[in-house]
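Residue-level listing of the chains:
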Amino acid sequence: MTVKTRVSQLIAAVSMLMLLTACAVSGTEGQVSSDPATETEEAVASDDKLIEVGFSQLGAESDWRSAHTESMKSQLTEDKGFRLLFEDAQQKQANQIMAIRTFIQQEVDYIVLAPVTETGWETVLSEAKEAGIPVILVDRMVDVEDDSLFTCWVGSDFKMEGMKATEWLYQYTRSAGIAPEELHIVNIQGTIGSSAQIGRSQGLREACENKGWDLMQEISGEFTQTRGREVMSSMLKLYSNLNVVYCENDNEALGAIEAIEAAGKKPGMDIRNGEIMVLSFDGMNPEALQYCAEGKIACIAECNPDHGKRIATLIHSLENGEQVEKYSYISEEIYSGSRDVTQLVLKGRSYPVTFLDSSEEGKVDFVTGD
Ligand code: AHR
């Protein structure tokens, strides 16, 4: 903790004590009430010590995103020392750029950015740098040449998520005696140009190339249930041999399942008997988890939205003048209702598959494999 921080905390604590005393006095019958002007001054003084954070969230397209927003809002609170200015960009980069410029004008202490896509950030991040405001990236990445334009990043290894889902598919089909050339896959991608889409699509492309799977089409479902349903419905009309759909998030998977069922087909793992296997990402929507336990979704590579606490800790460390990690990857699991694959080994590391059990009505249990 810096001397400056200690002193300002002391001043704030004294101000708070005075303010509490003043409130107690004014609230006591028969006592003289305190001067309202002094009260306002004291309130401002204690308010001043809050760390002002402008957070530009990219939108509210999925259940994951809502959970992410909730995680951030629940940690960047006044009782934890923050004043949060929150802006929802409704999936538009232009809105995010506008929000960042407003945060700069407001002279916030930190800007936190969850970028909708990776490119197009140089100018506005340079403006923040010139204004001396540290920028922390959360969830997705930006593609900039100069990495001093942001202080640090917290998020997921999206390509690894794709590798987990495809390795699970490889092991499952191999154990079921399904040959690689029997797999006919469609990828319902996320928002094109977002880190989550880039990493997950790349994971699938590489697996298709290495394993000899047929990747018939890649098409965006924009991370939403509605688009997932629409896109899947047209894919089913186009490809009668489609037997695996790789959905880049759970909302798309829920939409795809609606389309599969509406077309009179069955989502499931028995592709030899006409079922369509659904693979997905996220793992925090209760319906998707239930479907995974039942086998309607074959496997879900978790994407963990719980970034709030890490962001709060990072900001406190920066306030204390500490060095922070430039990149922090959040830990994530892989879920399936099938016990056929118990563990994945990727890049020399082993990942146990967490088994989802739905034996009790409406309740999903997580059982970690070995
Ligand atoms: O960037 C994370 C992705 O964005 C999540 O997988 C998806 O659900 C969200 O909209």
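Predicted model, so just to flag it, every value in this text is computed and none were measured. (Residues numbered from 1 in each chain as written. Predicted model: local features only at pLDDT ≥ 70, side-chain atom pairs only at ≥ 80, totals over all residues. Heavy atoms only, no water.)

Topic: the environment of M277
Thought 1: Within the element layout of this structure, M277 appears in strand β9 (residues 277-282).
Thought 2: Owing to a relative accessible area of 0%, M277 belongs among the buried residues under this scheme.
Thought 3: Each C-alpha atom, one on M277 and one on Y246, is 8.4 Å from the other, the two residues being 31 residues apart in sequence.
Thought 4: Those residues in contact with M277 that lie beyond four places of it in its chain are W168, L169, Y172, N243, V244, V245, G268, M269, I271 and A298. (Helix = DSSP H or I, 4+ residues; strand = E, 2+ residues; numbered from the N terminus. Buried < 20%, exposed > 50% of the residue type's maximum accessible area, 1.4 Å probe, protein only. Contact = heavy atoms within 4.5 Å.)

Brief notes about the confidence of the model for the chain
One rule of thumb: low pLDDT means the predicted coordinates there are not for detailed reading.
Thought 1: Looking at the chain as a whole, its pLDDT mean stands at 90, while 87% of the residues score no less than 70.
Thought 2: Contacts for the low-pLDDT stretch residues 1-45, under 50 throughout, to residues beyond four places or in other chains number 21 contacts. (pLDDT = per-residue confidence, 0-100.)

A few points about the site of the ligand
Thought 1: Taken together, E61, S62, W64, R65, D139, R140, F158, A196, R200, F223, N249 and D282 make up the full set of residues adjacent to the ligand.
Thought 2: The side chain of E61 places a nitrogen or oxygen atom 2.3 Å from an oxygen atom of the ligand.
Thought 3: In the model, an oxygen atom of the ligand is placed 3.0 Å from a nitrogen or oxygen of the N249 side chain.
Thought 4: Look at the ligand: alone it shows 280 Å² of surface, and the protein chains cover 100% of it.
Thought 5: For the shell around the ligand, the secondary structure elements donating two or more residues are α3 (63-75) and α7 (195-211). (Near = heavy atom within 4 Å. Polar contact = N/O pair within 3.5 Å; in protein donor to acceptor, adjacent residues only side chain to side chain. Areas by Shrake-Rupley, 256 points an atom, 1.4 Å probe, with all protein chains shown as cover.)

Brief notes about the packing of helix α9 (residues 250-262) against helix α10 (residues 286-294)
Thought 1: One can describe the packing of α9 onto α10 by two numbers: an axis separation of 9 Å at closest approach and a directional angle of 60°. For the pair α9 and α10, the crossing hand works out as left-handed. Where α9 approaches α10, its residues D250, L254 and I257 are matched on the opposing element by E287, A288 and Y291.
Thought 2: Of the residues in the contact of α9 with α10, the class split is 4 nonpolar, no polar and 2 charged. (Axes fitted to C-alpha atoms, helices over the stretch in contact; angles between N-to-C directions. Left-handed = near helix turned anticlockwise from the far one by under 90°. Nonpolar A, V, L, I, M, F, W, Y, C, P; charged D, E, K, R; others polar.)

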